[in-house]
Amino acid sequence: MLSGTNLEYTRFYNQRVVLEAIRLHEPVSRAEIARRTGLTNQTVSNIVGELLGRGVVQVGSKRMGRRGQPALEISLNPQGAFSIGLHLDRDHLAGVLMDLKGTVHRQVSYEAQMPSPAKALKLMQKAVLELQKAWPRNSDLWGLGVALPGPMEMSSGRVVAVPNFPGWGDVPVRDWLEERLQILVYLENDATAAATGERWHGVGRDFPNFFYVYFGVGMGGGVILGGHPYRGASGNAGEFGHTCFQPGAKPQPVGEFVSLEELYRAAGVSSPSALEALFERRDARVLAWLDRAAELLAPGLVSVESLLDPDALIFGGRFPQPLIAYLVGRLGEQMPLYRLPGKPLYPKLLLGQAQQDAACLGAATLPFYEEIAPSHHLLLKKTGSGVF
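The following refers to the structure shown.

1. Thoughts on the sheet that holds strand β12 (residues 219–225)
- As summarised here, the arrangement of the 5 strands in space is β13-β12-β11-β16-β17, forming an open sheet in which the pairing is mixed. The open sheet has two edge strands, β13 (228–229) and β17 (348–351), and neither has a second partner.
- In the packing of helix α10 (residues 321–334) onto the sheet, contacts are made with β11 (210–215), β16 (312–317) and β17, and the angle to β17 comes to roughly 170°.

What follows is the structure, given as C-alpha cells:
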C-alpha cells in the first residue's frame, strides 16, 4: 500500500537529485543545476550549502558569464567519501578502496579455489582491514559493497545457494561482516553489481535502460531500468546464465556452456592472459568456442531485447576484452537472424569499460549509489534514509 510524502522526505530526494546533476555534469554552477533539475535557485543554493558543509562537494574556479558576478563551479569532492568493494568468485577474492569520483586508491587480490563460507568470510575481513589502511581517516567511509555469485536473499543479506560452489547455502554474509567490521554492508549478485558500476562510471552513464551480460567463472546478467537496478521480487532478476536452451532432448542452462570455466577447458589453459595470447594467435579452439557461444547467446538476447526494449546490451566481466569484442561482433551477425522485422529501434551492443574488474568496481559503487542516486522510493517511505 502506497503512503504519502511530506517536505522532509522530499528534501532527501532533492538532495540526491542535486548530487546526481553535479555528478553527471560537473563542474556546474548553481544556476545550471537549477535549470537541469527544475528546482528553484534558492532550493539549489540551500542544498549545495549543506553538501559543502559535509565536504561531499567542493567549489572550484569562477565561471565568467555574460552578465553579473561570475558563477562558482561546483563538483564532487573525491575525498568527500570512500567505499570498499569486494568480489568473491569461485577462484579468487578481489577488493578495492574507491573514492567518490571512482578513483581506486588500493587493490588487493587473493587466490582461493572454491573457498568454504568460513574461509571466504575471514578472507573478506582480511581484505577490508588491508584496504582500510589506505583510507584517509578525515573522510567518511560510506560502506562496503560485496558482489557474490547468486542467488541470494537480499532482504536478509544471506546467500541462499551458489551453483557448483559447495557449502554455500544459507550463509549470513551481511550480518557476519557488519558484526565484525562495524561497517554498513551492501550485498549484491556480481552481475547486478557490475551493471550498477557500469551505470555509475562506464558507458551506461548515457543509457537509463540496459541489460548487462556478465562473463565470469559462471555467467550472469544485470538489469538497469529507469537508471536504477531492477532486482525483481526476490532480488535475483537478470540471471541470464540460468535461462535454458535445448541442444538435444534435455534443456540445459546456457551458463553451463558460456562461462570462463568452459572456455578454459576448451582452450586447455587456466588464466585470462593465456586465453588472450591464444586469441591473438587466432587459435582455432578459442575462435570455435566464441563462434559457438554467439550462436547459443543470440536467441536469448533477442528475447531479452524484446521483453525489456533496452537502449543497449552491454558486455563485460572476466573474459579478456579482445575476446568479448570478438564475441560482440559475432552477436551482431547472429542476432538479426532471430529478430522479427518492423521494430523501429534495436539496442546498441557495447563493451563495458571496467571489464575484468567490473564486479569488484561495481561492488565499491554500491554504497555511493544507495546514498546518492535519486529514487522515488524515498518519497514513499515513512522514515527518511541516507547519510544526509
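2. Here's the deal with the packing of aromatic side chains
- According to the stated counting rule, one finds 6 aromatic pairs in the structure shown.
- Ring centres of W142 and F368 lie 5.8 Å apart, and the angle between their planes is 70°; on these two criteria the pair is classed as edge-to-face. Pair noted here: W142 is in strand β6 (residues 140–148) and F368 is in helix α11 (residues 358–372), with a separation of 226 residues, a long-range link. The same class applies to W142 as to F368, namely buried.
- Summarising the aromatic geometry, the rings of F211 and F240 are spaced 5.9 Å apart at their centres and angled 75° between planes, so their arrangement reads as edge-to-face. Residue F211 is located in strand β11, and its partner F240 is located in the loop between β13 and β14 (244–245); the two are separated by 29 residues in the primary sequence.
- Under the relative-accessibility criterion, F240 is labelled buried at 5%.
- An aromatic cluster is defined as three or more aromatic residues linked by ring pairs; in this entry it consists of F215, W289 and F319.
- When the ring centre of W200 is taken as origin, the NZ or CZ atom of R23, which lies over that ring, is 3.5 Å away.
- For the cation-ring pair, R339 lies above Y346, with the distance from its terminal atom to the ring centre recorded as 4.4 Å.

Calculation rules
- Residues numbered from 1 in each chain as written.
- Predicted model: local features only at pLDDT ≥ 70, side-chain atom pairs only at ≥ 80, totals over all residues.
- Heavy atoms only, no water.
- Pairing = 2+ DSSP bridges.
- Helix = DSSP H or I, 4+ residues; strand = E, 2+ residues; numbered from the N terminus.
- Contact = heavy atoms within 4.5 Å.
- Axes fitted to C-alpha atoms, helices over the stretch in contact; angles between N-to-C directions.
- Phe/Tyr/Trp six-rings, centres within 6.5 Å; stacked < 30°, edge-to-face > 60°.
- Buried < 20%, exposed > 50% of the residue type's maximum accessible area, 1.4 Å probe, protein only.
- Lys NZ or Arg CZ within 6 Å of the ring centre and 35° of its normal.

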